[in-house]
Structures are given as structure tokens and as C-alpha cells.
Amino acid sequence: MDGPRHDLPEADALTRPYWEAAARGRLLIRRCGACRRAHHYPREFCPHCWSEEVAWEEASGRAALYTWSAVHHNDLPPFTGRVPYLAAVVDLAEGPRMMTELVDCPADTVRAGMPLEVAFRDGIPVFRAAPGAVSSTGR
């Protein structure tokens, strides 16, 4: 592929544990030791109470679909070869919302609130319908 990849993360000291875990098929989130609330994307402080007492924890990988959009045109590599795809926001079981992509899920079967599970593509978390989330009729 020619040109830069716009789908690959640039890890820094804070996010490196997240991306290393994702490369091993594990989804991490941050949890505050002061207020006990989880958050995502990774930050050095809690966005709820501003405490710096935050630590990594493994997420369950379960989520519910909050919203989505079918992307039919994207000129950035490698997305051009993936269109159409479903960009999504999911509510993780632990509470935080996360931007992601839905995979292995036909657009006509997608519905708000549908149960999802994490999957990994090239070390990047994506989500797919949880077993039993899509009936044989597609709804």
C-alpha cells in the first residue's frame, strides 16, 4: 500500500499499555481509584472527579450499540478499500462510550442497543454482533 496508514495508532507513554494489550487481544480501560468510575479514551486523570488515581483494567469486551453510520466514501488509506463500513459508538459494559467500527454485521441487521462483543483487527479493537444478537431473519 502506498502512502501513510490513517488507521494505525501512534502510541505514546500513556497509551502504550492499551495498544500492547490490544495487540494481544485484550481491551483495556482506565478506572479511577477515587470515584471508581471507568473512562475511555485513556487519560492521566479521571474526567469525572479529576483524581490522578487512575489505573488500567481489562474490560469485559461486552458492549451495546449506541449509534452508527454507514461510510460509503473515504479517500484515506486503507479505508478506501473497506467502504462501505459501519462507524459506530458503543457503550461498554463498564460504562464508557467508545468510537469503533462494526464488523461482520450486515447494515440491515444493525439496531440501537444490540449486544456486541469486541474483536480485534490488526491490533485495533472493533466490535461485532454478540452471539444471538441477530436472528435468522436479520432482525
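Residue positions are counted from 1 within each chain, in the order its sequence is given. Residue-level local features of this predicted model are given only where pLDDT is at least 70; pairs of side-chain atoms are given and counted only at 80 or more, and the full residue set underlies all totals for whole chains, interfaces and linings. Side-chain figures throughout are based on the complete set of non-hydrogen atoms in the structure, without hydrogens or water.

A closer look at the overall build of the protein chain
Threshold: Every helix listed is a DSSP run of H or I at least four residues long, and every strand listed is a run of E at least two residues long, numbered separately from the N terminus. As defined in this context, the radius of gyration uses C-alpha atoms, and a globule is described by 2.2 Å times the residue total to the power 0.38. Note on classification: 1.4 Å probe, protein chains only; a residue is buried when its accessible area is under 20% of the maximum for its type, exposed when over 50%, partly exposed between these limits. In what follows, a contact means two residues having at least one pair of non-hydrogen atoms within 4.5 Å. Every accessible area reported is derived by Shrake-Rupley at a probe size of 1.4 Å, with residue values counting cover from the shown protein chains alone. Neither His nor the chain termini are counted; the positive set is Lys and Arg, and the negative set is Asp and Glu. For the purpose of locating charges, the reference atoms are NZ of Lys, CZ of Arg, CG of Asp and CD of Glu.
What the protein chain contains, in helices and strands, is 1 helix and 8 strands. Along the chain direction, N to C, the helices and strands of the protein chain fall in the order α-β-β-β-β-β-β-β-β. Here the C-alpha atoms of the protein chain give a radius of gyration of 16 Å, agreeing with the 14 Å that 2.2 N^0.38 yields for 139 residues. With the principal axes as the frame, the protein chain shows a C-alpha extent of 45 × 40 × 25 Å. Out of the 139 residues in the protein chain, the part that is buried amounts to 40%. Long-range contacts, defined here as pairs at least 24 residues apart, represent 51% of the contacts in the protein chain between residues at least 6 apart. Counting every atom, the protein chain has about 8,000 Å² of accessible surface; 51% of that belongs to carbon and sulfur. Taking the average place of the 16 positive charges on the side chains of the protein chain and the average place of its 18 negative ones, the gap between the two points comes to 6 Å.

What to know about unusual backbone geometry
Residue Tyr 41 follows His 40 across a cis peptide bond; omega there is 20°. The residue Arg 36 is not glycine, and still its phi comes out positive at about 70°. Structurally, Arg 36 is set in the loop between strand 1 (28-32) and strand 2 (38-39). You will see that Asp 122, though not glycine, has its phi angle at about 55°, which is positive. Considering the arrangement of structural elements, one finds Asp 122 in the loop between strand 7 (115-121) and strand 8 (124-129). The exposure class assigned to Asp 122 is exposed, which follows from its relative accessible area of 59%.

Details of the side chain of Arg 43
In plain terms, the rule: Salt-bridge detection follows one rule: a side-chain nitrogen of Lys or Arg within 4 Å of a carboxyl oxygen of Asp or Glu.
Locating Arg 43 in the fold gives a position in the loop between strand 2 and strand 3 (54-58). It turns out Arg 43 is buried and unbridged, and the closest side chain with the opposite charge, Glu 44, is 11 Å from it. Contact partners of Arg 43, with chain neighbours within four places excluded, come to Leu 14, Arg 30 and Val 54.

A short note on the environment of Pro 42
Position of Pro 42 relative to the elements: it lies in the loop between strand 2 and strand 3. As for Pro 42 and Leu 27, which are separated by 15 residues in sequence, their C-alpha atoms are 12 Å apart. Filtering out sequence-adjacent residues up to four positions away, Pro 42 remains in contact with Leu 14, Thr 15, Tyr 18, Arg 30 and Trp 56.

Remarks on the packing of aromatic side chains
To keep things clear, this is the line we draw: Centres within 6.5 Å make a pair out of two Phe, Tyr or Trp rings, where for Trp the six-membered ring is used; the pair is then stacked when the planes are under 30 degrees apart, edge-to-face when over 60, and tilted otherwise. Charges are assigned to positions over rings by a cutoff of 6 Å between ring centre and Lys NZ or Arg CZ, combined with an angular limit of 35 degrees from the ring normal.
Following the criterion strictly, the structure yields 3 aromatic pairs and no others. Aromatic side chains Tyr 18 and Trp 19 sit 4.8 Å apart centroid to centroid with 85° between the ring planes, which places their arrangement in the edge-to-face category. What makes Tyr 18 buried here is its relative accessible area of 5%. Here the aromatic residues Tyr 18, Trp 19 and Trp 56 are joined through ring pairs into a cluster of three or more. Taking the ring centre of Trp 56 as reference, the NZ or CZ of Arg 30 above it sits at 4.7 Å. Lying over the aromatic face of Tyr 41, Arg 43 brings its terminal NZ or CZ to 4.0 Å of the ring centre.

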